[in-house]
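Per-entry structural report
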Amino acid sequence: MMGQTDLAKVALKKAAGAAKDFPGKDESKRRLALLESGTGTSPELSVSQLEAMTKEQPNDVISQMRLGEAYEKQGAADKAATAFEQALKLNPKLVAAATRLTQLYAGPLRNKEKALAYAKKARELAPADPQVAALVGKVAYDNGNFSWSFSLLQEAARQRANDPSILHNLAWATYSMGKINEARDAMQKALTTGPDSPQAADAKKFLTLTALDENPKELTTAENDVQKELKSNPEYVPALMADAALDAQRGQAKPATEIYSDILRRWPDFAPAQKRLASLYAQDPSTVADAYDLATKARKALPDDPQLSELLGRLSYEKKEYPRAIQLFQESARKRPLDADSLFYLGMSQVQASQKAEARGALNQALAGGLQEPFASEAKRALADLQRE
């Protein structure tokens, strides 16, 4: 009744082979024959035989499970689901039935709600099973619950560290959370552990396209590959990110904005798209407030990103949040040298915060770094005012 067929076989063999007769002996033989069908010399039972058995013994969990498996092999997914659901009714704690139903509704039957419901049931019944955690993690991802998916797949990968399928799904869950480097590490491991796995082709594609995020100079060279991928898979996010970056690079803010917005409609917490869209919004006075909100959200996932710190520093300056702006620019400066514009914003924030010596230093550095108009004139005026004070 628990679906533990190997243990059941051992007990039923002893019962069926007992020297003395007893009321359950014939039933032991019948159930043992069912368990042994399709193994060794015992022929596999046909669908019609299994249908007859379940009709005769509707409370036999194993015959219901075997019937469901037989229907699955035939491609009759709806009939298979009915058989597995019956098995789960007979024993509501049957993990195997909950797992098979999750797979059917996540796959051929395409019902995300039912898949998630059965996934939760399987997880509740087998909280320590890595395969169940992996399955539920994939279903959670398909349902848009990326943080839960990430947590479950991390757990599964800790116990099944060399399973390319789990690592592949973990990489995607990690990527959807905006953790690009972690996602690339997981995908590289999936490719290394399973170079011939069904996931290998996608892993190579993922690694190639996500690498463009850190190498904008290579975007133009990769444009044909990006367009080819989008033609066959218009929702492939790494390709969409590269396509939007190309548009932004060419000064085509509108199509880039539309692509980033579309990504965020599907992946609301995808920090890389939040960051890029904030940067575009910051260029238009009518969307500066949206830029600030997006940059603030992105910073939760990307607290160490110097580019984002500088963008948020500039937006904080424009909101007259001068101490916040100073903190953000100084944070970024510890990771990489500030460019002339960022030094200008830092210096002007320090002027407003009455940090006169620091302001002089930052503004002079900005001018020496080739600060352009109209910022250059504004910096010179501020330095002249500081000189008079």
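Here's a quick rundown of the structure.

Rules and cut-offs
- Residues numbered from 1 in each chain as written.
- Predicted model: local features only at pLDDT ≥ 70, side-chain atom pairs only at ≥ 80, totals over all residues.
- Heavy atoms only, no water.
- Helix = DSSP H or I, 4+ residues; strand = E, 2+ residues; numbered from the N terminus.
- Rg over C-alpha atoms; globule rule 2.2 N^0.38 Å.
- Areas by Shrake-Rupley, 256 points an atom, 1.4 Å probe, with all protein chains shown as cover.
- Polar contact = N/O pair within 3.5 Å; in protein donor to acceptor, adjacent residues only side chain to side chain.
- Contact = heavy atoms within 4.5 Å.
- Expected span 1.5 Å × (residues − 1).
- Buried < 20%, exposed > 50% of the residue type's maximum accessible area, 1.4 Å probe, protein only.
- Salt bridge = Lys/Arg side-chain N within 4 Å of Asp/Glu carboxyl O.
- Core = buried A, V, L, I, M, F, W, Y, C linked by side-chain atoms within 4.5 Å.
- Phe/Tyr/Trp six-rings, centres within 6.5 Å; stacked < 30°, edge-to-face > 60°.
- Lys NZ or Arg CZ within 6 Å of the ring centre and 35° of its normal.
- Axes fitted to C-alpha atoms, helices over the stretch in contact; angles between N-to-C directions.
- Parallel < 35°, antiparallel > 145°, perpendicular 65-115°, else oblique.
- Left-handed = near helix turned anticlockwise from the far one by under 90°.

**What to know about the overall build of the chain**
Looking only at helices and strands, the chain features 22 helices and 0 strands. Its C-alpha atoms give the chain a radius of gyration of 30 Å, clearly above 21 Å, the size a compact globule of 389 residues would have. Counting only C-alpha atoms and orienting by the principal axes, one finds that the chain spans roughly 110 × 40 × 35 Å. Surface summary for the chain: the accessible area is close to 20300 Å², and the carbon and sulfur share equals 50%.

**Quick look at the side chain of Gln274**
Relative to the helices and strands, Gln274 resides in helix α16 (residues 271–281). A polar contact of 3.1 Å, which involves the side chain of Gln274, links it to the backbone oxygen of Pro268. Non-local contacts of Gln274, meaning those with residues more than four positions away in its chain, are made with Leu264, Pro268, Asp269, Leu294, Lys297 and Ala298.

**Notes on helix α20 (residues 340–352)**
Compared with an ideal rise of 1.5 Å per residue, which puts 13 residues at 18 Å, α20 spans 19 Å between its outermost C-alpha atoms and is within 8% of the ideal. For α20, a buried count of 10 out of 13 residues is recorded, marking the element as mostly surrounded by other parts of the structure. Within the span of α20, buried status applies to Ala340, Ser342, Leu343, Phe344, Tyr345, Leu346, Gly347, Met348, Ser349 and Gln350. Sitting at the amino-terminal end of α20 is Asp339, which places a side-chain oxygen 3.3 Å from the backbone nitrogen of Asp341. The positive-phi residue at the C-terminal boundary of α20 is Ser354, with phi of around 60°.

**Quick look at the pattern of salt bridges**
One pass over the full model with this rule turns up 16 salt bridges. Close ionic contact of Arg276 with Asp213 constitutes a salt bridge, the shortest N to O distance being 3.1 Å. Pair noted here: Arg276 is in helix α16 and Asp213 is in the loop between α12 (200–210) and α13 (223–232), with a separation of 63 residues, a long-range link. Classification of Asp213 by relative accessible area gives partly exposed; the value is 23%. Taken together, the shared-partner salt bridges in this structure form one network comprising Arg66, Glu69, Glu72 and Arg100.

**As for the nonpolar core**
The nonpolar side chains of soluble globular proteins are, as a tendency, buried together. Counting residues in each nonpolar core, the largest one holds 65 residues, and the members touching the most others are Tyr175 and Phe270. Beyond its immediate chain neighbours, meaning those up to four positions away, Phe270 contacts Tyr175, Ser176, Gly178, Ile180, Val237, Met241, Ile263 and Leu264. Counting residues in hydrophobic clusters, the runner-up holds 31 residues, among them Ala76, Ala77, Ala80 and Ala122.

**Regarding the packing of aromatic side chains**
To describe a pair of aromatic rings, one takes the distance between the centres and the angle between the planes. On inspection of all chains with the given rule, the structure shows 16 aromatic pairs. Judged by centre distance (5.4 Å) and plane angle (65°), the rings of Phe344 and Tyr345 are edge-to-face. No difference in accessibility class separates Phe344 from Tyr345, as the two residues are buried. Put simply, the rings of Tyr141, Phe146, Trp172, Tyr175, Phe206, Tyr236, Trp267 and Phe270 touch in pairs and so form one group of aromatic residues. One Lys or Arg, Lys205, reaches over the ring of Tyr236 and ends 4.7 Å from the middle of that ring. For the cation-ring pair, Lys319 lies above Tyr292, with the distance from its terminal atom to the ring centre recorded as 4.5 Å.

**Comments concerning the packing of helix α8 (residues 130–142) against helix α10 (residues 164–176)**
At their nearest, the axes of α8 and α10 sit 10 Å apart, and the two run at 40° to each other. It follows that α8 is oblique to α10 by the angle criterion. Here α8 runs over α10; the crossing is left-handed. The residues of α10 that touch α8, namely those facing Gln131, Ala134, Lys138 and Tyr141, are Ile166, Asn169, Trp172, Ala173 and Ser176.

**Quick word on the environment of Thr193**
Tracing the backbone shows Thr193 in helix α11 (residues 180–193). For the pair formed by Thr193 and Ala106, sequence separation is 87 residues and the distance between their alpha carbons is 26 Å. Those residues in contact with Thr193 that lie beyond four places of it in its chain are Asn162, Pro164 and Leu167. Looking at Thr193, its side chain comes within polar contact range of the main-chain oxygen of Lys189, at 2.8 Å.

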